[in-house]
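# Tertiary structure, described
The chain contents come next:
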Amino acid sequence: MKGFFFDMDGVLFDSMPHHAEAWETVAKRHNLQFTARDCYLQEGRTGYDVIREAMLRLNPDKQVSDEEIDAIYAEKSQLFTELGGARPMPGALQVLQAIRAVPNTQIWVVTGSGQRTLLQRLETGYPGIFAPERMITAFDVRIGKPNPEPYLLAWERSGLKKEECCVIENAPLGCRAGKAAGLYTIIVNTGILEYEDFAADQPDVFLPDMYALLDIVPQLIEQ
Ligand code: MG
């Protein structure tokens with residue numbers, strides 16, 4: 001393996017507990033059925049789609065306006081910000097350093113996030129590891145995960161063969177995107193889900209945390 005495509009939330013940053021808390025609070029306020037577990041299961045979908053679906057579940061005949069959805073999403077984003085920044089995922093820095101120490105390897109971040117401050121966050125958490133030209137964000141893609149588009153774009157830009165690239169994800173929909181792109185997909189299960197939640201998408205490797213990934217970096221490099 002030469003190309004390592006890292007998802008961001010729940011892989012590089014331990015941000016999912018804050019996302020889940022923010023979603024759960026806002027859902028209760030608006031009487032929407034959306035739990036913390038749903039947040040983990042749906043990770044990767046846009047806030048717009050998640051809210052629209054939850055509103056229609058509540059009342060299938062309701063006319064849902066974009067303004068309503070945007071207002072709820074703004075509330076969620078505000079709450080998420082108030083909960084404070086997310087710390088780098090334990091073990092991730094060591095993983096990145098182990099890969100970077102090997103010549104001709106490429107480290108990419110492939111995220112559905114569209115935050116303008118993303119590069120700044122990466123640079124603060126992981127100084128000198130990520131290059132702007134090796135980032136695929138919400139601004140680069142039309143469809144997003146679980147569509148394979150973001151991972152296919154990273155692969156195309158990497159100039160590597162598919163069998164030289166792997167995806168590192170924490171979410172079922174991210175796993176689906178990686179597999180649909182035809183790439184070797186590693187799940188690092190950093191959240192509250194179980195293997196069963198990923199089984200349908202058939203990850204190539206299923207690991208409990210970033211330290212377990214660190215252990216297999218030498219194998220992956222050889223692979
Ligand atoms: Mg993620």
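Residues numbered from 1 in each chain as written. Predicted model: local features only at pLDDT ≥ 70, side-chain atom pairs only at ≥ 80, totals over all residues. Heavy atoms only, no water.

## Quick look at the overall build of the protein
Secondary structure summary: the protein contains 10 helices and 6 strands in total. Taking 223 residues into account, the globule formula puts the C-alpha radius of gyration at 17 Å, and the protein, at 17 Å, falls close to it. Looking at the protein as a whole, 49% of its 223 residues qualify as buried. Counting contacts in the protein only where the partners sit at least 6 residues apart, residues at least 24 apart contribute 63% of the total. Working note: accessible area of the protein is about 10,800 Å², and carbon and sulfur atoms make up 50% of it. (Helix = DSSP H or I, 4+ residues; strand = E, 2+ residues; numbered from the N terminus. Rg over C-alpha atoms; globule rule 2.2 N^0.38 Å. Buried < 20%, exposed > 50% of the residue type's maximum accessible area, 1.4 Å probe, protein only. Contact = heavy atoms within 4.5 Å. Areas by Shrake-Rupley, 256 points an atom, 1.4 Å probe, with all protein chains shown as cover.)

## A few points about the nonpolar core
Grouped together as the largest cluster of nonpolar side chains are 33 residues, with contacts concentrated most on Phe6, Leu12, Leu122 and Leu213. Elements with a contribution of two residues or more to this core: β1 (3-6), α5 (92-100), β2 (106-110), α6 (118-125), β4 (165-169), β5 (184-188), β6 (205-207) and α10 (210-222). Residue contributions to this core peak at 6 residues, all from α10. Among residues more than four places away in sequence, those in contact with Leu213 are Phe6, Val95, Ile168, Ile186, Val188, Leu207 and Leu220. Listed in part, the 24 residues of the second largest apolar core include Met16, Ala22, Ala36 and Val64. (Core = buried A, V, L, I, M, F, W, Y, C linked by side-chain atoms within 4.5 Å.)

## Points about the domain arrangement of the protein
Many analyses report the size of an interface as the accessible area lost when the parts associate. As assigned here, the protein comprises domain 1 (3-14 + 87-222) and domain 2 (16-83). Using only C-alpha atoms to locate each centre, domain 1 and domain 2 end up separated by 25 Å. With 13 residues of domain 1 in contact, the opposing surface of domain 2 contributes 11 residues. Carbon and sulfur atoms make up 59% of the area that domain 1 and domain 2 hide from each other, which totals about 1,000 Å². (Domains from an automatic or database assignment. Buried area = accessible area lost by both parts, 1.4 Å probe.)

## A short note on the coordination of the magnesium ion
Distances from the magnesium ion to its protein donors, namely Asp7 (OD), Asp9 (O), Glu43 (OE) and Asn170 (OD1), fall within the range 2.0 to 2.2 Å. Along the chain, the residues donating to the magnesium ion are arranged with the sequence spacing D-x1-D-x33-E-x126-N. Each member of the pair, Asp7 as well as Asp9, carries the same accessibility label: buried. (Donors = N, O, S within 2.8 Å, 3.2 Å for Na, K, Ca; no water.)

## Concerning α10
Taking 1.5 Å as the rise per residue, α10 with 13 residues should run 18 Å; its terminal C-alpha atoms sit 19 Å apart, in good agreement. Where α10 bends most, the angle comes to about 50°, and this point is Ile216, followed within four residues by the proline Pro218. Buried residues of α10: Met210, Ala212, Leu213, Ile216, Val217 and Leu220, and no others. Among the structural elements, β1, α5, β4, β5 and β6 are those in contact with the buried residues of α10. Where α10 begins, the side chain of Asp209 points an oxygen toward the backbone nitrogen of Tyr211, at a separation of 3.1 Å. (Expected span 1.5 Å × (residues − 1). Bend = angle between axes of the 7 residues up to and from the residue. Polar contact = N/O pair within 3.5 Å; in protein donor to acceptor, adjacent residues only side chain to side chain.)

## Quick look at the state of the cysteines
For the coordinates displayed, the defined rule picks out 0 disulfides. Cys165 takes part in no disulfide bond, and the closest cysteine sulfur to it belongs to Cys166, at a distance of 7.7 Å. (Disulfide = S-S within 2.5 Å.)

## Things to note about unusual backbone geometry
Here the residue pair Lys145 and Pro146 is connected by a cis peptide bond, since its omega of 10° sits within 30 degrees of zero. As for its placement among the helices and strands, Pro146 is situated in the loop between β3 (135-136) and α7 (149-158). Not every positive phi belongs to a glycine, and Asn31 is a case in point at roughly 60°. A positive phi angle, close to 50°, is found at Gln202, a residue other than glycine. Tracing the sequence through the fold places Gln202 in the loop between α9 (196-199) and β6.

## Some remarks on the packing of aromatic side chains
Any aromatic ring pair is given by two values, namely how distant the centres are and how the planes are angled relative to each other. Under the definition given, this model contains 7 aromatic pairs. Their ring planes at 40° and their centres at 6.2 Å tell us that Trp23 and Tyr73 sit as a pair that is tilted. Pair noted here: Trp23 is in helix α1 (residues 16-29) and Tyr73 is in helix α4 (residues 66-82), with a separation of 50 residues, a long-range link. Pairing Tyr126 with Phe130 gives two aromatic rings, centres 6.2 Å apart and planes at 75°, and the pair type is edge-to-face. What makes Phe130 buried here is its relative accessible area of 6%. Taken together, the ring pairs connect Phe13, Tyr126 and Phe130 into an aromatic cluster. Above the plane of the ring of Phe13 lies Arg121, whose end atom (NZ or CZ) is 4.3 Å from the centre. (Phe/Tyr/Trp six-rings, centres within 6.5 Å; stacked < 30°, edge-to-face > 60°. Lys NZ or Arg CZ within 6 Å of the ring centre and 35° of its normal.)

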